[in-house]
Amino acid sequence: MQLSNEEEDYNLSLSKFESMLKTNKVLFFDSEEFEEIILHYLDIGKANLAKKALKLALDQHPKSTGLKLVQVEMLVYEDKLEIAEKLLNELYAIEPNNEEIYIQKANICSKRDQHEKAVELLKIALQYTDDYADVYNLIGMEYLFMDNLELAKESFIKCLEEDLEDQSALYNVVYCFEFLDQNQEAIVYLNDYINKNPYSEIAWHQLGRLHYGVKEYESAIRAFDYATLIDDEFLGAFMEKAKAYERLKKYNEAIESYNRTIELDDATSYALLRIGKCYEKLGNAVKALQYYNQTVHEDPLLDKGWIAITDFHVRQKNFQKALFFVNKALAIDNQNRLYWKRYATINKQMNFFEEAEFGYRKAVEFGDYALDTWLYWVDILQFLGEFESAIQTLLQASEYFPEENEIEYRLAGLYFMIQDNTKAKFHLSNGLRLNFDNYILIEDLFPVVWTKKTVRNYIEKHRK
C-alpha cells in the first residue's frame, strides 16, 4: 500500500528527529513539523520525548502560537492547570479568535469538574472553528460528564452531521439512545445514518445489537450480515450473529458463526462453551462434551465451563461425574448460590443427605430465596430428624412467603412431630385456608402425623 505525501513527510520528520537525538546534532524543523512530532509522542505515551521535542521547538520558534498551545496541552496532561491557564490568558490577549484557546480553556474547566463552564467555552469555539465535528464531539462528552444524556445525544448527532465517519461519536450516540431506553428511536436513527453512509460496518453492527436488544432476531442477523460483508474479519459481528441464531434455535448456523470467530482469533472459552451448548441442543452429546472439555482446557478458571459439564452429566443422570465437576466450579466461585443449589440437588439424588442439606443452606446463605430451595432444605432437615432446625428454617422462609400454604402445612406437620399441638393446629388452619386440597402434604410428608385421627378430623371440620 502506497503512503500519501503527507504520511511520507510525517514519517520523514519523525525519523529525522529521532536521528538528531542519537547524534546530538541540532537540525531545523518548521513549527508544524514539531507540533506533529510532539503530539505523536504524547499519543503513544512517551511524555519525556514529547518534552524534549517541545523544548527544542520553542527554542527554534519562540513566538509560535501553535507550539504554545501544544505546551498548554502538555501542562494540562500533567495536571499543571494554573500554569496552563496563565499561558492561555497570554495567548488569548494575542489571538482572541483562536478556537484552540477556548478548547483548551474548556479542557481545564472539565478537569476541574466545571462542565457547564466548559460547554460555554466550547460553544464560543464553535464561532471560530472550521472543525465543527470535533467541537460538537467535545460538547457531547461534557454533557456525558454531567449525565445529561439527551443533550449529549443531540451534540453527537450534530457531530455526525458534520463528519459521518466519526466512529467515536457514532458509538456515543447509540450509547445515549440505549441509556435513555430509546431503542426504537435509535433503530430509526441508524437506518437514516446508513442511508447516508451504507458502508459503515460499525453502524450495521450497532443496528444489529439494537434489534437483538428488542428481540427482533431476524432483523439483527440481517444487520450483522451486512457488517460482516463490509468487513469479513469483524469478530464482534460474527459473535453477535451467532447469539441471535441461538435465540432463533438455528443451532447449526450459530455453530458456523461461532467457528468463524475462532478462525479469526484464538479460540475463546465463551465461543467453545456456546458451541457445546448448541451441539447439546441438537442432540449431539459426544460433540457437546468435546467442546465443554475444550472450554475448560482453554480456561480452567472459567466456572461456567465446569457448570456446563456438570449440567450435561446431570441430564445424563451421571450424578457421580456431575458431583466431581460441580466441586470444580465451587473451587473457583464458592459464593455462587446457583452452584451450591446444584451441589445440593446432585447430593440429594445420590442420597447424600447431610451434604445436600449443607448445599441448600449455603445456597440460601448466598442469596437463593426461591421457594423450592427453602422447601428442599426443610424436607432434608426433616428426613435427618432435625425438626427444630426445620421449623426455624420455615419460619425464616415465611418472612419471604407469608401466605404460602406449602410452608404452613410443613410447619403444622413439624409442630405435631414435636407435640406442640397448639402451634400445629394454628399452622394447619392457615394451610387449609390458603389451599384446602393441599392437605395431602401432611399425608405425603408426615405419615406418622396422618395416622392420628384427631388430625384427620380437624381437616374434615374445615372442609367447605
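The rules behind the values
- Residues numbered from 1 in each chain as written.
- Predicted model: local features only at pLDDT ≥ 70, side-chain atom pairs only at ≥ 80, totals over all residues.
- Heavy atoms only, no water.
- Helix = DSSP H or I, 4+ residues; strand = E, 2+ residues; numbered from the N terminus.
- Buried < 20%, exposed > 50% of the residue type's maximum accessible area, 1.4 Å probe, protein only.
- Contact = heavy atoms within 4.5 Å.
- Patch = residues over 30% accessible without salt bridge, like charges linked within 9 Å, V, L, I, M, F, W, Y side chains within 5 Å.
- Areas by Shrake-Rupley, 256 points an atom, 1.4 Å probe, with all protein chains shown as cover.
- Salt bridge = Lys/Arg side-chain N within 4 Å of Asp/Glu carboxyl O.
- UniProt positions renumbered as here; feature names shortened; annotations may be inferred.
- Expected span 1.5 Å × (residues − 1).
- Phe/Tyr/Trp six-rings, centres within 6.5 Å; stacked < 30°, edge-to-face > 60°.
- Lys NZ or Arg CZ within 6 Å of the ring centre and 35° of its normal.
- 1 Å grid on protein atoms, 1.4 Å probe; cavity = no way out; pocket = protein on both sides within 12 Å on 5 of 7 lines; lining within 4 Å.
- Points joined across faces, edges and corners; volume = space filled by probe spheres on them.
- Nonpolar A, V, L, I, M, F, W, Y, C, P; charged D, E, K, R; others polar.

What follows concerns the side chain of T261. For T261, the position within the fold is in helix α15 (residues 251-264). By relative accessible area, which is 3% here, T261 ends up buried. Discounting residues that sit within four places of it in the chain, T261 has contacts with L235, F238, M239 and A271.

Let's shift gears to a nonpolar patch on the surface. Taken together, the side chains of Y199, Y226, L229 and I230 present a nonpolar region at the surface, about 480 Å² in accessible area. Looking at the element boundaries, Y226 is found in helix α13 (residues 217-230). Of the residues examined, Y226 reaches a relative accessible area of 40% and is grouped as partly exposed.

A few words on the UniProt feature "repeat: TPR" (unreviewed entry) in the chain. On the UniProt side, "repeat: TPR" (unreviewed entry) is annotated at positions that read residues 133-166, 201-234, 235-268 and 269-302 here. Summarising residues 133-166: 79% helix, 0% strand, and an end-to-end C-alpha distance of 8 Å. Taken end to end, residues 201-234 is 79% helix and 0% strand, and its first and last C-alpha atoms sit 8 Å apart.

Bringing helix α4 (residues 65-77) into the picture now. Taking 1.5 Å per residue as the helical rise, α4 with its 13 residues ought to reach 18 Å, and the 18 Å between its terminal C-alpha atoms agrees with that figure. By the burial criterion, the buried members of α4 are T65, L67, L69, V70, V72, M74, L75 and V76. Backbone geometry just after α4 places D79 at a positive phi near 65°.

Let us look at the packing of aromatic side chains. Summed over the entire model, instances satisfying the criterion amount to 20 aromatic pairs. With centroids separated by 6.4 Å and ring planes inclined at 15°, the aromatic side chains of Y369 and W374 adopt a geometry described as stacked. Classification of Y369 as partly exposed rests on a relative accessible area of 35%. Overall, the relative accessible area of 0% leaves W374 in the buried class. Joined through ring pairs, the aromatic side chains of Y369, W374, W377 and Y400 make up one cluster. Over the ring of Y212 we find K243, and its NZ or CZ is 5.7 Å from the ring centre.

Moving on, we get to the layout of surface pockets. The computed volume of the largest pocket comes to approximately 220 Å³. For the largest pocket, the full set of lining residues is E73, E100, I103, Q104, A106, N107, S110, L122, D134, L138 and E142. For the lining of the largest pocket, the elements supplying multiple residues, two or more each, are α6 (99-111) and α8 (132-145). The element contributing the most residues to the lining of the largest pocket is α6, with six residues. When grouped by side-chain class, the residues that make up the lining of the largest pocket number four nonpolar, three polar and four charged.

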